[in-house]
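# Close look at the chain arrangement
Below are the chains, spelled out letter by letter.
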Amino acid sequence: MADAAAKSIFITGGGSGIGRATAILFAAHGWRIGLADVNAKGLGETAALLPAGMATTYVMDVRDRDAWTASLDAFTAASGGRLDVLFNNAGIGTGGPLAEMSFEDIDRTVSINLMGALNGARIGYAYLARTPGSCLLNTASASAIYGASGLTPYSMTKFGVRAMTEALDGEWYGAGIKVRDIVPAFIETPLLNGPTAGSNRSIRETVTGAGLELTPVERVAEAAWAAVHGNKLHTYVGKTADRMAFAARWMPGKLRQMMRRGTTAPSA
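Since this is a predicted model, take the numbers as computed values, not measurements.

### Observations concerning the pattern of salt bridges
Taken as a whole and judged by the stated rule, the model has 6 salt bridges. Residue Asp-61 is joined to Arg-63 by a salt bridge in which the shortest nitrogen-to-oxygen separation is 2.7 Å. In this structure, Arg-180 and Asp-169 form a salt bridge, with 3.3 Å as the shortest nitrogen-oxygen distance. You can see Arg-180 sitting in strand β6 (residues 178-184) and its partner Asp-169 sitting in helix α5 (residues 152-171), a full 11 residues away along the chain. The network of salt bridges with common partners includes Arg-20, Lys-41 and Glu-45.

### Concerning the nonpolar core
Residues Phe-10, Trp-68, Leu-72, Leu-83, Leu-136 and Trp-172 are the most contacted members of the largest nonpolar core, which totals 30 residues. Of all the secondary structure elements, the ones that give two or more residues to this core are α3 (65-78), α4 (103-129), α5 and β6. The element best represented in this core is α4, accounting for 6 residues. Counting residues in hydrophobic clusters, the runner-up holds 25 residues, among them Ile-11, Leu-35, Cys-135 and Val-217.

### Topic: the side chain of Arg-180
Classification of Arg-180 as buried rests on a relative accessible area of 7%. For Arg-180, the side chain forms a polar contact with the side chain of Asp-169, separated by 3.3 Å. A polar side-chain atom of Arg-180 sits 3.2 Å from the main-chain carbonyl oxygen of Lys-232. With residues up to four places along the chain from it excluded, the contact list for Arg-180 reads Cys-135, Leu-136, Leu-137, Asn-138, Thr-165, Asp-169, Ala-227, Gly-230, Asn-231, Lys-232 and Leu-233.

### A look at the environment of Tyr-125
In this fold, Tyr-125 is placed in helix α4. A sequence separation of 10 residues divides Tyr-125 from Cys-135, and the C-alpha atoms of the two residues are 9.7 Å apart. Those residues in contact with Tyr-125, other than ones at most four positions away along the chain, are Gly-120, Trp-172, Ala-175 and Ile-177.

### Examining the confidence of the model for the protein
Summing up the model confidence of the protein, the mean pLDDT is 85 and the portion of residues at 70 or higher is 77%. In the model, residues 263-268 has pLDDT below 50 throughout and makes 22 contacts with residues more than four positions away in sequence or in other chains.

### Comments concerning the sheet that holds β6
Strand pairing in a sheet relies on backbone hydrogen bonds, with the paired strands running either antiparallel or parallel. The parallel open sheet is built from 7 strands, whose spatial order is β3-β2-β1-β4-β5-β6-β7. The open sheet is flanked by β3 (55-59) and β7 (234-237), the only strands paired with a single partner. Direction aside, the axes of adjacent strands within the sheet are offset by 15 degrees on average. Two strands pair when backbone bridges link them, and β6 and β7 are joined in this way by 4 bridges, in the parallel orientation. Looking across to β7, one finds that Ile-182 is bridged to Thr-235. With respect to the sheet, α5 is in contact with β4 (85-88), β5 (135-139), β6 and β7, its orientation differing from that of β6 by roughly 155 degrees.

### With respect to the pairing of β3
Note: strand β2 (residues 32-37) against β3, 5 bridges, orientation parallel. Opposite Gly-34, over in β3, you have Thr-56 as the bridge partner. With helix α2 (residues 40-48) bridging β2 and the parallel β3, this β-α-β connection has right-handed handedness.

Quick notes on the rules
- Residues numbered from 1 in each chain as written.
- Predicted model: local features only at pLDDT ≥ 70, side-chain atom pairs only at ≥ 80, totals over all residues.
- Heavy atoms only, no water.
- Salt bridge = Lys/Arg side-chain N within 4 Å of Asp/Glu carboxyl O.
- Helix = DSSP H or I, 4+ residues; strand = E, 2+ residues; numbered from the N terminus.
- Core = buried A, V, L, I, M, F, W, Y, C linked by side-chain atoms within 4.5 Å.
- Buried < 20%, exposed > 50% of the residue type's maximum accessible area, 1.4 Å probe, protein only.
- Polar contact = N/O pair within 3.5 Å; in protein donor to acceptor, adjacent residues only side chain to side chain.
- Contact = heavy atoms within 4.5 Å.
- pLDDT = per-residue confidence, 0-100.
- Pairing = 2+ DSSP bridges.
- Axes fitted to C-alpha atoms, helices over the stretch in contact; angles between N-to-C directions.
- Right-handed = clockwise from strand over helix to strand, strands pointing away.

Okay, structure coming up:
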């Protein structure tokens, strides 16, 4: 069994992608892992990749506030009361022209990506406050640097996640809780398999067709580790994120023109 005094991280979206890679990395450093996801099969697959006794799994929807409380109660009971990091990572990808998106897809994107993260912060605060030096880590996106054409609802939610990170970094300072986010570009995860609204192409096909790179998920996990242990409020991951951050600061006019042409990454 894992040491009850070991540091602990609770990861939403732990059944695949960034969540899975982050769990593997933190477990390799001896951390106790809490994995939450709506996908029970994915949770089991992630847990099987971790050392025996290091992980517990929780089938939950981040929109369900009662499930948040029940899962964090159970996890902190198993971790000796510790919650060193709450990783607000769960999210879905949607793309395509806003005028062609269904209201159902829009509502689902906002409720999972934005309200799900806000639920985690609001409910997670009490658990983080009981652990000295704790950290709330959020997954934002390069589309939170500048609104991305064809990703309006997704981009909007990630702007919200970034704003929450900045707001809570100040609000929770006195409680001794760090708040950080990772800002990845397009990551090689199952989210890219989602459809592009108004098209028969997947988001992956749309991204690669625009000539944009896909960042290995292991690199994002390394960025998550660095964010938790460093002083940067926003940790950019991937060439596209770096270029967009540079352009948003130094070439906003050019970035605006690029968005009008349907591309998202001017060269710095």
